[in-house]
Amino acid sequence: EAHSRHARGDDAAMGGGEMTADELLAKAEKKMTTTLTRWKPDYDSAMLYFDEAATKLKQAGRKQEAMIAWEKCAEANERTGNDWHAGKHLEQCAQLARDLARHDQVVAYAERACAAYVSAGRAQRGAECLGKIARLIDEAAPDEAYDLASRACEMLEDDGKAANARDFYSLAGAIRMRQEKFADAAETMLRFGASCDAANAHASLRKAYLSAVVAQLYAGNGAEAQQLYADVGEVDAFQDSDEQRCAYSLISAYRDADADAVRSAIAASNALTFLDAPFARAARKLPRPGHDLRAVSIAMGGDGGVLAAGERFMDGIGGGGGG
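## Looking at the overall build of the protein
- Along the backbone of the protein there are 16 helices and zero strands.
- Expressed as a percentage of the 323 residues in the protein, the buried residues total 46%.
- Approximately 15,500 Å² of the protein is accessible, and the part contributed by carbon and sulfur atoms is 48%.

This is the structure in structure tokens:
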């Protein structure tokens, strides 16, 4: 590499000054070809020229050309077995593709960068690359971002680094809440909770399970929230926690079709305040206007509000609506 830099300096000196981006590209392409005296490409020199050219092109606002130059730089690195640097250059390509609003290319570059990091023996960096790129496109391309973030979580768990997946689970859950795919958000939080259990991250586990309940209730899926609670209610780290008691109160209030009790459960619990912002905001809006609490209650196996104070959905039937 030192020899290549020395050669590059000689090129600049012979040219009478610092080379332009286009001159650097021409030099790089030349180093990638064979000649009568050079039987194989000079990848080491080529990658230096491509890297410097890409930097100058980016500075000049020529992002498409910079992206291509860094991709060629990455390919030269791969040819010499330098997968770590290949991953870094492909990550730069993904960021430029984001700037150019080419989301399919963002994903492709992120995947290639991740594979390069894995080849370099750095699976955690590969996963973090996917999560980092997901965050860049979470609003412009939410489905693609969700997939990248979810894969980052899976890779970290497979690598025994479940504790490092928290931010990416939070990102995935936030994306689905913003898309109003509340059941998917709940499922994401359930997976996060299981991951936390494996990592002994009990505080995050409790928040994850309460978030999942909130997401299902926000969707009006009382029966699903109730089943979810039944599935996680026996988890040791969740039992007898503020989050568990809050989830129980919310589900009981929905089962009774008691809007006042829902609001009371929310007001009485500090646990909801500490959820990730999308879930905390959703909790504050429960019960959502337009939801038929009576229908939700009946779907949960409740009585549709017969015993709920102030509710008169079933006045005159089986004892009246109370109040």
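## Quick word on the packing of helix 12 (residues 222-232) against helix 13 (residues 242-255)
- For the pair helix 12 and helix 13, the least separation of the axes is 10 Å and the interaxial angle reads 145°. Here helix 12 and helix 13 pass one another in a crossing that is left-handed. Contacts between helix 12 and helix 13 involve Ala225, Gln226 and Tyr229 from the first element and Gln244, Ala247, Tyr248, Ile251 and Arg255 from the second.
- For the contact of helix 12 with helix 13, the residue count by class is five nonpolar, two polar and one charged.

## Quick notes on unusual backbone geometry
- Going from Leu286 to Pro287, the amide bond is cis rather than trans, its omega being -10°.
- Structurally, Pro287 is set in the loop between helix 15 (277-284) and helix 16 (293-299).
- With phi around 55°, Ala257 is a residue other than glycine that occupies positive phi space.
- On the secondary structure map, Ala257 appears in the loop between helix 13 and helix 14 (259-268).

## Let's talk about the packing of aromatic side chains
- Summed over all chains, the structure comprises six aromatic pairs.
- The interplanar angle of 65° and the centroid separation of 6.5 Å between the aromatic rings of Tyr229 and Phe238 together place this pair among those described as edge-to-face.
- Consider the rings of Tyr229 and Tyr248, whose centres lie 6.2 Å apart with planes at 50°: the pair is tilted. Of this pair, Tyr229 sits in helix 12 while Tyr248 sits in helix 13; the two residues are 19 residues apart in sequence, bridging distant segments of the chain.
- Overall, Tyr229 belongs to the buried group, its relative accessible area being 15%.
- When its relative accessible area of 48% is taken as the criterion, Tyr248 is described as partly exposed.
- One aromatic cluster is present, formed by Tyr209, Tyr229, Phe238 and Tyr248 through successive ring pairs.
- Cation over ring: Arg176 sits above Tyr146, and NZ or CZ is 3.7 Å from the ring centre.
- Positioned above the aromatic ring of Tyr218 is the side chain of Arg288, whose terminal nitrogen or guanidinium carbon lies 4.1 Å from the ring centre.

## Some thoughts on helix 10 (residues 182-198)
- The terminal C-alpha atoms of helix 10, which comprises 17 residues, lie 25 Å apart, in line with the 24 Å expected from a rise of 1.5 Å per residue.
- If you check which residues of helix 10 are buried, you get Phe182, Ala185, Ala186, Thr188, Met189, Phe192, Gly193, Ser195 and Cys196.
- Along its buried surface, helix 10 packs onto helix 8 (142-158), helix 9 (166-178), helix 11 (202-218), helix 12 and helix 15.
- Of the residues flanking the end of helix 10, it is Asn200, one or two places downstream, whose phi is positive at about 60°.

## Section: the nonpolar core
- The biggest cluster of nonpolar side chains holds 100 residues, and the ones touching the most others in it are Leu148, Leu210, Phe238, Tyr254 and Leu272.
- Ranked by the residues each element gives to this core, the list is headed by helix 11, at ten residues.
- For Leu272, the residues in contact, after removing those within four places along its chain, are Leu210, Val214, Cys246, Ile266, Ala280 and Ala283.

## Describing the state of the cysteines
- According to the stated counting rule, one finds zero disulfides in the structure shown.
- Unpaired in this structure, Cys129 has its nearest cysteine sulfur neighbour in Cys114, at a distance of 6.4 Å.

## Structural notes on the pattern of salt bridges
- Under the criterion given, the structure shown has 21 salt bridges.
- Across the pair Glu91 and Arg125 runs a salt bridge whose closest N-O atoms are separated by 3.3 Å. In this pair, Glu91 sits in helix 5 (residues 83-99) while Arg125 sits in helix 7 (residues 123-136), placing the two residues 34 residues apart along the sequence.
- For Glu91, a relative accessible area of 4% puts it in the buried group.
- For Asp242, the salt bridge identified is with Arg245, shortest N-O distance 2.8 Å. Separated by three residues within a single helix, Asp242 and Arg245 lie in helix 13, roughly one turn from each other.

## With respect to the packing of helix 3 (residues 43-59) against helix 4 (residues 63-79)
- At a closest axis distance of 8 Å, the pairing of helix 3 and helix 4 adopts a crossing angle of 160°. It follows from the interaxial angle that helix 3 and helix 4 lie roughly antiparallel. Between helix 3 and helix 4 lies a crossing whose hand is left-handed. Residues Tyr43, Met47, Phe50, Asp51, Ala54, Thr55, Leu57 and Lys58 of helix 3 pack against Lys63, Glu65, Ala66, Ala69, Trp70, Lys72, Cys73, Ala76, Asn77 and Arg79 of helix 4.
- Here the residues of the contact of helix 3 with helix 4 are counted per class, giving ten nonpolar, two polar and six charged.

Conventions adopted
Residues numbered from 1 in each chain as written. Predicted model: local features only at pLDDT ≥ 70, side-chain atom pairs only at ≥ 80, totals over all residues. Heavy atoms only, no water. Helix = DSSP H or I, 4+ residues; strand = E, 2+ residues; numbered from the N terminus. Buried < 20%, exposed > 50% of the residue type's maximum accessible area, 1.4 Å probe, protein only. Areas by Shrake-Rupley, 256 points an atom, 1.4 Å probe, with all protein chains shown as cover. Axes fitted to C-alpha atoms, helices over the stretch in contact; angles between N-to-C directions. Left-handed = near helix turned anticlockwise from the far one by under 90°. Contact = heavy atoms within 4.5 Å. Nonpolar A, V, L, I, M, F, W, Y, C, P; charged D, E, K, R; others polar. Phe/Tyr/Trp six-rings, centres within 6.5 Å; stacked < 30°, edge-to-face > 60°. Lys NZ or Arg CZ within 6 Å of the ring centre and 35° of its normal. Expected span 1.5 Å × (residues − 1). Core = buried A, V, L, I, M, F, W, Y, C linked by side-chain atoms within 4.5 Å. Disulfide = S-S within 2.5 Å. Salt bridge = Lys/Arg side-chain N within 4 Å of Asp/Glu carboxyl O. Parallel < 35°, antiparallel > 145°, perpendicular 65-115°, else oblique.

Don't take any of this as a statement about function, it's just geometry.
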